[in-house]
Amino acid sequence: MEQTTKKDLLPIEELTKRMSRFSIDYFLVDAHRDRESYYAVFPELFQTIPPTPEQMTSLCTEEKFTCICGLILNLIMDGELDKSQNFMKCFPKEKRFEFLYMGFTIVHPKVTWREFIDIIDYFKKINFQMPGLVVTAGRPSVLNGFNDFSRIGPFLQKNRDLFIEDLSHLYDKSLCPAIYNQCLAEYLYQQNKIMDAELILSRTIQEFNKDTERRLLFAASYLQAKILIAQKKPTHLDSYIKNIRTLVKEIGHAEFSYNINAAEALFAMIEGNTQTVINWFENDAPDEYSDFCMLDSWRYFVKIRFYIIVKNYAAALSLIERMRPLLEQGKRHMDLCELDVLNTIALFRANKKEIAFKALTRSLRIAKHRQYYRIIADEGEAILSILNLYIKEKGFDSFGKQFLTSLLEGARNISVNYPLYLKPIKNELQLTDTEIDILRFMERGKTNDEIADYFFISTNTVKFHLKNIYSKLDVKNATSAIWEARTQGII
């Protein structure tokens, strides 16, 4: 991260103006970009931690009041969860700080379920709607958006009206039924009730599109793509990306555009298009070493997968363990389950089988308790082979035959239909320009003699090039070479 000079810092007036437009045309990613300016407004608060209420009162003048919102948001995004809570607890006992405290408590990663419900009940009592709540926080999910709401999954179907009423105090009332349906569809998908999820989702997408709520449309469209993958329906995943990009070209897309690029990279991995993945890594992937940000959590999961396919297991494991304590503090059970699935794959491929099995046990424990079937099954062949070995050694007793069999079936379906997902990229895949040209001629059905004539070389020289091509692509014939080159984005 570049060093910010005093000259680069934004004045209080500009920060106040920007925060007044929060969730309209100024979003979390923008606030994080301005974080040094917010921190600079309150240098005294960092001298005494926690600050006293008297300090908060004297520092948070009317002029600076809006800036405190930017400060707390950035502390949360920077993973300073305890520090942000300490600041919040020291808010003065004034009406303006009371609503500020409740607003930040409800979105804070460490909020307890009891605290969350109490605040909702208070909002209902005074008939208050919280302005500008970002339910997805830029992620392609509502159930696992700014907070992990999967804990309420078992109660969703039985308490529809109650949940919609509660949502109306956090979001636009007209959209609450559709938001509820999105949460329910995501939960049903995780339970492996894919057809039920698809039925609900088809209506939800129409509602989000009609109301031009692109943040929620992104989450719904992402789930739709995942359902198509799980159902083995033929689909070109890049068309999903093109469609969502078309739909989000108005104000508001900045909140999640960086995750659209990550979704494109993830779907490219699923289809085996490694060139797209490499381009994402080189040009758009978050840098966990220079600027670690909680806002990038979902992108970090995609980056871990990239590290796995390029066999950089040390980097994958390092990022996993950097994320773990923050996810544990935030009680993000879905993320922790996914984290240990990827942990399992990285460790196993690094020849750490026993440690990998421990990670898999943790993931299975969470998945069974909270019915996260798809988090594990969606990793396809990469987890299927490990699950088979795990069951062979430990049997079905620990987690039950029905649960483990369902995971195996789900992973097997993904494996069959997307065999290139998480397949390691071969380091030796450095074809010369001539070899690539020969592959293109082969793709057109040209014979060795025709290729030799074009390049003014002998047929034996063509055969020599073919031998090198087969070796580099790890294939045994021309058909396989063309297929592998296509999936790798070479031709």
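I will try to describe carefully the structure that is included in this document. Source: prediction; values computed, not measured.

1. Notes on the packing of helix H22 (residues 381–394) against helix H23 (residues 401–417)
And step 1. In contact at an axis separation of 8 Å, H22 and H23 are set at 145° when each is read in the N-to-C sense. Note on packing geometry: the crossing formed by H22 with H23 is left-handed. For the pair formed by H22 and H23, the contact residues are Glu-381, Ile-383, Leu-384, Leu-387, Asn-388 and Ile-391 on the first element and Leu-404, Leu-407, Leu-408, Ala-411, Arg-412 and Ser-415 on the second.
And step 2. Partitioned by chemical class, the residues of the contact of H22 with H23 number eight nonpolar, two polar and two charged.

2. Notes on the pattern of salt bridges
And step 1. Enumeration over the complete set of coordinates arrives at 26 salt bridges.
And step 2. Ionic pairing is found between Arg-114 and Asp-118, a salt bridge with its closest N-O pair at 3.0 Å. Of this pair, Arg-114 and Asp-118 both sit in helix H8 (residues 113–126), four residues apart, which is roughly one turn of the helix.
And step 3. Residue Asp-118 is classed as partly exposed on the basis of its relative accessible area of 41%.

3. Considering the packing of aromatic side chains
And step 1. Evaluated as defined, the whole model comprises 19 aromatic pairs.
And step 2. Each ring, one from Phe-116 and one from Phe-149, has its centre 5.4 Å from the other, and the planes form 65°; the classification is edge-to-face. Remark: Phe-149 occurs in the loop between H8 and helix H9 (153–156) and Phe-116 occurs in helix H8; sequence separation between them is 33 residues. There is no split in this pair, since Phe-116 and Phe-149 are both buried.
And step 3. Both rings, one in Phe-146 and one in Phe-149, keep their centres 5.3 Å apart while their planes meet at 80°; by these two values the pair is edge-to-face. In this structure, Phe-146 and Phe-149 share a single accessibility class: buried.
And step 4. Connected via pairs of aromatic rings, a cluster forms that spans Trp-113, Phe-116, Phe-146 and Phe-149.
And step 5. Its end group placed over the ring of Phe-396, Lys-401 keeps NZ or CZ at 5.7 Å from the ring centre.
And step 6. Stacked on the ring of Phe-441, the Lys or Arg Arg-444 has its end atom at 5.2 Å from the ring centre.

4. Comments concerning the side chain of Arg-374
And step 1. Topologically, Arg-374 is positioned in helix H21 (residues 373–377).
And step 2. Note on Arg-374: relative accessible area 3%, which makes it buried.
And step 3. Within the structure, the side chain of Arg-374 is placed 2.6 Å from the side chain of Asp-378, a separation counted as a polar contact.
And step 4. Look past the residues within four positions of Arg-374 in its chain and what remains in contact with it is Tyr-189, Gln-190, Asn-192, Ile-194, Ala-230, Gly-410 and Ile-414.

Criteria and cut-off values
Numbers given to residues run from 1 along each chain, matching the order in which its sequence is written. The model is predicted, so local features are restricted to residues of pLDDT at least 70 and side-chain atom pairs to those at 80 or more, both for listing and for counting; the totals for chains, interfaces and linings are taken over all residues. Side-chain numbers come from the whole structure's heavy atoms, not from hydrogens or water. All axes here are fitted lines through C-alpha atoms, helices being fitted over the stretch that makes contact, and every angle between N-to-C directions spans 0 to 180 degrees. Comment: elements are numbered from the N terminus, with helices defined as DSSP H or I runs of at least four residues and strands as E runs of at least two. By convention, the crossing between two helices is left-handed when the near helix turns anticlockwise from the far helix through less than a right angle, and right-handed when the turn is clockwise. Two residues form a contact once any of their heavy atoms are found within 4.5 Å. Under the convention adopted here, Pro, Cys and the residues Ala, Val, Leu, Ile, Met, Phe, Trp and Tyr are nonpolar, Asp, Glu, Lys and Arg are charged, and Gly plus all remaining residues are polar. A carboxyl oxygen of Asp or Glu within 4 Å of a side-chain nitrogen of Lys or Arg is what we treat as a salt bridge. Throughout, exposure labels follow a simple rule: accessible area from a 1.4 Å probe, protein chains only, divided by the maximum for the residue type, with under 20% read as buried, over 50% as exposed, and the rest as partly exposed. Each aromatic pair joins two rings of Phe, Tyr and Trp (for Trp, the six-membered one) with centres within 6.5 Å, and gets the label stacked for planes under 30 degrees apart, edge-to-face for over 60, and tilted for any other angle. Note on criteria: charge over ring means Lys NZ or Arg CZ within 6 Å of the ring centre, with the direction from the centre no more than 35 degrees off the ring normal. Between N or O atoms, a polar contact is any pair within 3.5 Å; within protein, one atom must be a potential hydrogen donor and the other a potential acceptor, and residues adjacent in sequence are included only when both atoms are from side chains.

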